[in-house]
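Tertiary structure, described
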Amino acid sequence: RLVGCAHPGVPSRGSLLTSTMVRHRAIDIAGEDNDADSGGSPTGSPVGGDDDAVELKEYERKWVEKGNVSLWITAAITVIGVLIVFDDGHPVVGQYVLSLGLFGFAGGITNWLAVTMLFQRVPGLYGSGVIPVRYVQIRETVKDVIMATFFDPEFLESYLGTKLQQYGGDIDTTKYVTEMVESEDFDKKLDASLEDLSKTEAFAPVLAMGMDAAQLKPMIKPFVGELGLDLAPYLKTQMLDPKVVVNISDVRDQIELYMSVRMETLTERRVTRLLEFVIRGHLGWLIVWGNVFGSIIGEVVRVDLTVCCPRSH
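Let me begin by describing the structure that accompanies this report. (Residues numbered from 1 in each chain as written. Predicted model: local features only at pLDDT ≥ 70, side-chain atom pairs only at ≥ 80, totals over all residues. Heavy atoms only, no water.)

Quick look at the packing of aromatic side chains
Tallied over the entire structure, the rule returns one aromatic pair. Between Trp289 and Phe293 the ring centres are 5.7 Å apart and the planes differ by 35 degrees, which places this aromatic pair in the tilted class. Taken together, the positions of Trp289 and Phe293, both in helix H14 (residues 268-308) and four residues apart, correspond to about one turn of that helix. The class for Trp289 is partly exposed, based on a relative accessible area of 46%. (Phe/Tyr/Trp six-rings, centres within 6.5 Å; stacked < 30°, edge-to-face > 60°. Helix = DSSP H or I, 4+ residues; strand = E, 2+ residues; numbered from the N terminus. Buried < 20%, exposed > 50% of the residue type's maximum accessible area, 1.4 Å probe, protein only.)

As structure tokens, this is what we get:
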């Protein structure tokens with residue numbers, strides 16, 4: 001019911017499902033990394049005969065990815081263009097088809113190599129594998145950004161103040177003080193305090209007047225109750241002040257310490273896989289558009305050559 005409501009502060013069904021899927025997939029990646037690091041099988045992966053199905057699904061996901069599909073298409077167009085060029089019947093058409101496929105494939109394969117170099121070290125190519133190489137700096141940067149963005153002292157103080165007002169603003173401290181003064185536990189503690197007081201030297205003048213602690217109770221109890229009622233609003237104000245209830249700096253330091261310890265568990269492999277899961281699918285469009293613009297450039301070059309050098313065609 002909450003997901004389906006139209007309140008502006010409630011996320012839509014689609015956003016909730018998407019965030020849930022991303023969160024579950026990230027948890028799966030972390031679980032697989034933990035098991036892989038310990039020498040076990042990936043968490044959640046089937047055993048026995050289901051391993052083949054998992055491998056087949058991963059193989060299909062890899063090769064049906066949009067960037068790879070566009071590369072295969074331009075490669076096929078290149079081959080078709082070569083075949084047509086060698087066919088004496090349509091040399092001009094073959095040259096246009098060849099330029100379309102060859103330039104498109106060159107643009108796509110260049111972007112594909114650039115994307116691959118983000119996540120993998122390529123022997124002989126300096127600067128490749130930037131994410132695995134700099135994973136320590138990446139996780140430190142992530143921690144610093146999270147701390148600066150979500151846990152700055154002003155925000156924490158404002159948030160805690162809002163929550164304290166939300167959950168404690170309706171507390172009737174006067175009622176609780178009244179109930180406390182009228183309770184049996186208060187009477188017992190007051191009797192014990194007066195008994196202890198009667199044993200001190202400061203109580204000697206009262207004893208000299210022929211009074212004991214029990215006789216003072218009817219006079220002291222109403223005074224204590226009135227004092228408690230007078231202090232109740234002040235006590236409530238102090239309870240709802242985040243600066244009084246908790247030390248914001250200590251809270252932030254503990255959060256930062258936890259995140260530092262947690263970041264140490266993010267290995268090179270895990271950081272690479274998490275970032276790859278987040279952005280790899282979007283980077284496939286770089287390959288696709290590399291194919292598209294490469295093909296356009298190829299056709300422009302072919303038209304230019306045809307117009308400028310007609311005899312060579």
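Some points on the pattern of salt bridges
The full count for this structure, using the stated rule, is five salt bridges. Glu264 is the salt-bridge partner of Arg139, the closest N and O atoms lying 3.4 Å from each other. Of this pair, Arg139 sits in helix H6 (residues 135-150) while Glu264 is found in the loop between helix H13 (248-263) and H14, placing the two residues 125 residues apart along the sequence. Relative accessible area serves as the criterion here: at 51%, Glu264 is assigned to the exposed category. For Lys143, the salt bridge identified is with Glu140, shortest N-O distance 3.8 Å. With Lys143 and Glu140 both in helix H6 and three residues apart, the pair spans about one turn of that helix. The network of salt bridges with common partners includes Glu140, Lys143, Arg252 and Glu256. (Salt bridge = Lys/Arg side-chain N within 4 Å of Asp/Glu carboxyl O.)

Description of the environment of Ile248
Mapped onto the elements of the fold, Ile248 is located in helix H13. It is 9.2 Å that separates the C-alpha atoms of Ile248 and Leu160, two residues lying 88 residues apart in sequence.

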